[in-house]
Amino acid sequence: MTKVTQRLHDWLWDSSHASKPLWIRGPIVLLRYALGLSRDLVGGQLSLHAMGLVYSTLLATVPLIAFSFSVLRGLNLHLELAPLLNEFLAPLGDQGRALTENVLGMVNNVRGTVLGGLSLAAFLYTAISMVQKVEASFNFVWHVGKPRSLSRRIVDYAAVLLVAPLVMTLAFTTLASLRNSAVLQAVSDSAVFGPVTVGISKLLPVLLVVALFTALYKWLPNARVDWRAALVGGATAGSLWALCGIFFAEFVASSSRTLVIYASFAIAILTLIWLYVNWLVLLLGARIAFYFQNRAYLSIGEDDPTMPNATRERLALELMRAAAVAFKRSSAPITLRTLSEQIGVAGIYLQSVANELEAAGLLLTSTESHLKPARDIHEMTLADVLAAVRAGESDLVVMPSWSGATSTLSATIDAQILACTGNVTVADWVSESVAREVSSRQSS
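Just so it is clear, the model here is predicted, and its values are computed rather than measured. (Residues numbered from 1 in each chain as written. Predicted model: local features only at pLDDT ≥ 70, side-chain atom pairs only at ≥ 80, totals over all residues. Heavy atoms only, no water.)

A.B. asks: What should I look at first to understand the overall build of the protein chain in this one?
C.D. replies: A count of helical and extended segments in the protein chain gives 18 helices and 2 strands. Considering the protein chain as a whole, with its 444 residues, one finds that 35% of them fall into the buried category. Taking as baseline every contact in the protein chain between residues at least 6 positions apart, the subset at least 24 positions apart corresponds to 74%. For the protein chain, the accessible surface area stands at approximately 25400 Å², while carbon and sulfur atoms represent 64% of it. (Helix = DSSP H or I, 4+ residues; strand = E, 2+ residues; numbered from the N terminus. Buried < 20%, exposed > 50% of the residue type's maximum accessible area, 1.4 Å probe, protein only. Contact = heavy atoms within 4.5 Å. Areas by Shrake-Rupley, 256 points an atom, 1.4 Å probe, with all protein chains shown as cover.)

A.B. asks: Help me out: how do you make sense of a nonpolar patch on the surface in this one?
C.D. replies: Taken together, the side chains of L8, W11, L31 and L35 make up a nonpolar region of the molecular surface, amounting to roughly 340 Å² of accessible area. You can see W11 is positioned in helix α1 (residues 2-12). (Patch = residues over 30% accessible without salt bridge, like charges linked within 9 Å, V, L, I, M, F, W, Y side chains within 5 Å. Salt bridge = Lys/Arg side-chain N within 4 Å of Asp/Glu carboxyl O.)

A.B. asks: Just checking my understanding: could you explain the nonpolar core for this structure?
C.D. replies: Core analysis: the largest hydrophobic core is formed by 39 residues, its most contacted members being F138, Y217 and W279. Listed by contribution, the elements that provide at least two residues to this core are α2 (22-43), α3 (45-74), α6 (117-141), α9 (194-219), α10 (227-254) and α12 (266-293). Looking at which element gives the most residues to this core, the answer is α12, with 14 residues. Not counting residues up to four positions away in its chain, the partners in contact with Y217 are F138, V225, A230, G233, G234, A237, V281, L282, G285 and A286. (Core = buried A, V, L, I, M, F, W, Y, C linked by side-chain atoms within 4.5 Å.)

A.B. asks: I would appreciate a short explanation of the pattern of salt bridges in the present structure.
C.D. replies: Opposite charge on two side chains allows them to pair when their charged atoms are near. Within this structure, the stated rule accounts for 7 salt bridges. Among the ionic pairs, R312 bridges to E356, the shortest N-O distance being 2.7 Å. A residue pair is termed long-range when its members are at least 10 positions apart, and R312 in helix α13 (residues 309-328) and E356 in helix α15 (residues 347-359) qualify at 44 residues. A relative accessible area of 10% means that R312 is categorised as buried. In this structure, R375 and D384 form a salt bridge, with 3.8 Å as the shortest nitrogen-oxygen distance. By relative accessible area, which is 36% here, R375 ends up partly exposed. Relative accessible area serves as the criterion here: at 29%, D384 is assigned to the partly exposed category. A cluster of three or more residues bridged by salt bridges with shared partners is formed by R39, D40 and R287.

So far we have only geometry, and geometry alone does not tell us how the molecule works.
If you want it as structure tokens, here you go:
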């Protein structure tokens, strides 16, 4: 079975498929995505993040809707919040309408005079931590190791908490007014344009969800996301969300007798399942956007790329050299993508080594993947660079008791490496290599 699986993997990711006709290449690409997403679902990490977000949603629902309610009340749009919530909970049927009434009832009970100072602080923290957990899940999907800076968090979280509800409410309000307009009603009654109008009116809410998902995939991860990747993820997740809504509504309708057994717990169970489905769809769309922009990850999934230690050391030197050359010349900072194209190595391998250099305080990687030295290159030795990737992480709790011969040989190797690199700074090495390149071009 292992051999069969390996042969299927080798055939599926064979580079020769790129030269085949579209009618052959297209299904192969779709099969890659299907197997990649299936592997991620079986792995369980996406499911765990979705479950965690369900728990956070239950805690933050009232604070988030209360914030939205306050913003919309200032613009006299708070009455449109109930239809918006009804639209989201529509697959739950009658249970969804009851849940909408309960949630809005709790929101109406929230008053600034009721909440004390400590309670208000906890209220605000719950709402903000919800957005923070969504960002953390997106960063996990995008293999991002560090969150946003504090200043960016304040701006972005304020936009999510204040602007996003306003935009969504205005969009659905505009859509509802268009549906009820006399012109659209007249067109809908037409025998020719009626079916088309009905189809478009049903499609518009899905398009709004696609636009919302695309915006989230574009701005929420702490990474530079291409518009095309965000749009592909948003379109796929939005379509999948619409299909899940249809199937879930059928499930609720067909299992009404079974839900009687759960009595008053039925609404809680249905809500948990529907929230889980929504978060899982959102994370799957984010994963599709990530794979579309970083196709090299499609074959390895959530695992970090593996490579020989010698390759890691050479990549570390290449990264520091590229960052130092751009710094010395005061030119535009080089990016991981540019360096990947220059040396012919997939960006996932460069990113893995860049993370280790950054953890050692030698390299800085901006959100746009610009590379800069983290400290003075005149005080940074090549031994520091090699030590950053040679140290690595280990699962060993206690170091082994090496034999005398192994310890002696290892000490000799380390001493030789230190003798070659310990007295050479990155600045000296870069200056020497640049001078050698200039001399070689002049002689040629």
